[in-house]
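These are the residues of each chain, in order.
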Amino acid sequence: MTGRLEALLGIDVPVVLGPFGGLSSVELTATVSRLGGLGSYGLYGYAPDRVARTAAELRAATDRPFALNVWLATGDEVRPGQVDLTGPRAAVDAFFAELGLAQPDEPAAFLPDVDEQLAAVLDARPAVLSVVYGVPAPWVVQSAHERGTCVVGTATTVDEARALADAGVDAVVASGAEAAGHRVSFLHDPADALVGTFALVPQVVDAVRVPVLAAGGVADRRGVAAARALGAHGVVVGTAFLRTRQSAASEAYRAAIAASPAHGTVLTRAMSGRLARGVPNRAVRTIEASGAIAPFPAQNWLTGRFRAPAAGRDEAGLLSLWAGQSAALATWDDAGAVFAELVAGLRDG
């Protein structure tokens, strides 16, 4: 790792916190940034006013660079009233009853407008705007650069990386199939784009001229050293940080990460309607067995109505337990210890 990424993003160490949609915390993001890496905060579902408040909270917590992450619209998102939720509701009815909740009424919208989110992020002027699920529009890249904000895109294949580089992003995350959470493919069905990190990263490095970050399976110094050998300019680490007490994950969630072996995660659409990697639990098994899964984001909205109360009760069986295949390597409960372990990989070899 040559220092190119550090110079671009204004950071000391090429270690980037993975953005957790729904599980980000100001404490963890600020901690990684203060340590010299790039803290990231996932803004999935945030309205513009909440985006502004979050950016202000991060600035109050650290004067170092941080990234704000947005999910781009793919065009296949459904809106309230466009899909029959009878089957999906029936599949999860027992969960609502268990928590003493009534089935929710559909909202006016499942998600805030993405362009309004992006405008709020640009107004906040973070060091980095990171995006998943597509290529940012020219106005986004231009506006970001005018404000001194770098743009980082995420690719699951080489041609996605090329598309992002051609659009003018400043760096590309090469996200291998080992990675936790949603498979953020946008030029392919995600089930057809399951390229492993070890194969993906060097091919992306060869295909684009912007810095490349390796994501997926990196949890300790060995993963960092491997990413360096593959030609990556930096790493994105999610699960190892998610297990720490500074994240917004519940104790039961952290315990599920600790108990997950390399073969213990699955790819499922059960919780959100989109393919994602996580630890299978009661909710996943029940929904998959029903065969009734609504399209995104309807399914994510529906399960979200019981997931939040379940998290408050520390009921892991009803959560989205996103975790990567290196979960068993995530053995630290403090973000500083994780960061120190990763930095050691920059010195090894």
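See the structure shown above.
About the cut-offs
Residues numbered from 1 in each chain as written. Predicted model: local features only at pLDDT ≥ 70, side-chain atom pairs only at ≥ 80, totals over all residues. Heavy atoms only, no water. Axes fitted to C-alpha atoms, helices over the stretch in contact; angles between N-to-C directions. Helix = DSSP H or I, 4+ residues; strand = E, 2+ residues; numbered from the N terminus. Parallel < 35°, antiparallel > 145°, perpendicular 65-115°, else oblique. Left-handed = near helix turned anticlockwise from the far one by under 90°. Contact = heavy atoms within 4.5 Å. Nonpolar A, V, L, I, M, F, W, Y, C, P; charged D, E, K, R; others polar. Buried < 20%, exposed > 50% of the residue type's maximum accessible area, 1.4 Å probe, protein only. Phe/Tyr/Trp six-rings, centres within 6.5 Å; stacked < 30°, edge-to-face > 60°. Lys, Arg positive; Asp, Glu negative; His and termini not counted. Salt bridge = Lys/Arg side-chain N within 4 Å of Asp/Glu carboxyl O. Pairing = 2+ DSSP bridges.

## Considerations on the packing of helix α3 (residues 48-61) against helix α5 (residues 114-124)
- Contact geometry for α3 and α5: axes closest at 8 Å, N-to-C directions at 25°. Taken together, the axes of α3 and α5 are roughly parallel relative to one another. Here the hand of the crossing between α3 and α5 comes out right-handed. For the pair α3 and α5, contact is made by P48, V51, A55 and R59 and by E116, Q117, A120, V121 and A124, respectively.
- Taken together, the residues of the contact of α3 with α5 sort by class into 6 nonpolar, 1 polar and 2 charged.

## Quick look at the environment of A61
- With respect to the helices, strands and loops of the structure, A61 is situated in helix α3.
- You can call A61 partly exposed: its relative accessible area is 30%.
- Separated by 45 residues in sequence, A61 and V16 place their C-alpha atoms 17 Å apart.
- The contact partners of A61, leaving out residues within four places of it in the chain, are V26, A30 and R34.

## Thoughts on the packing of aromatic side chains
- Considering all chains together, one arrives at 8 aromatic pairs under this definition.
- Between Y44 and W71 the ring centres are 4.6 Å apart and the planes differ by 55°, which places this aromatic pair in the tilted class. Residue Y44 is located in the loop between β2 (39-42) and α3, and its partner W71 is located in strand β3 (residues 66-71); the two are separated by 27 residues in the primary sequence.
- Among the residues examined, Y44 registers a relative accessible area of 19% and is labelled buried.
- The buried category is assigned to W71, whose relative accessible area is 16%.
- When the centroid spacing of 5.2 Å and the interplanar angle of 50° are considered together, the rings of W71 and Y133 count as tilted.

## Brief notes about the environment of R4
- Turning to its location among the elements, R4 is positioned in helix α1 (residues 4-9).
- Of the residues examined, R4 reaches a relative accessible area of 39% and is grouped as partly exposed.
- Linking R4 and A199, residues 195 residues apart in sequence, is a C-alpha distance of 22 Å.
- Apart from residues lying up to four places away in sequence, R4 is in contact with R209, V210, P211 and H233.

## Points about the side chain of E6
- Here E6 lies in helix α1.
- R228 provides the closest opposite charge to the buried, unpaired E6, separated from it by 9.2 Å.
- With residues near it in sequence (within four places) discarded, E6 still touches I11, D12, V13, P14 and H233.

## Details of the pattern of salt bridges
- Taken as a whole and judged by the stated rule, the model has 13 salt bridges.
- The partner of R53 in a salt bridge is D49, and the shortest N-O contact between them spans 3.6 Å. One end of the pair, R53, and the other, D49, are both in helix α3, 4 residues apart, so they sit about a helical turn from each other.
- For D49, a relative accessible area of 49% translates into the label partly exposed.
- Notably, a salt bridge pairs E341 with R221, separated by 3.0 Å at the nearest N-O pair.

## Side note on the sheet that holds strand β10 (residues 266-268)
- The strand order across the open sheet formed by 3 strands is β7-β11-β10, and the pairing between neighbours is antiparallel. Looking along the sheet, the strands with just one partner apiece sit at the ends: β7 (181-182) and β10.

## A short note on the sheet that holds strand β5 (residues 150-155)
- Read from one edge to the other, the open sheet built from 8 strands follows the order β1-β9-β8-β6-β5-β4-β3-β2, with strand pairing classed as parallel. This sheet does not close on itself; its edge strands, each paired only once, are β1 (15-17) and β2. The mean angle between the axes of side-by-side strands here comes to 25°, regardless of whether they run parallel or antiparallel.
- Direction of pairing for strand β4 (residues 128-132) relative to β5: parallel, over a ladder of 4 bridges. Along β5, the bridge assignment pairs V128 with C150.
- Along the sheet, α5 contacts β3 and β4; its crossing angle with β3, the most-contacted strand, is approximately 170°.

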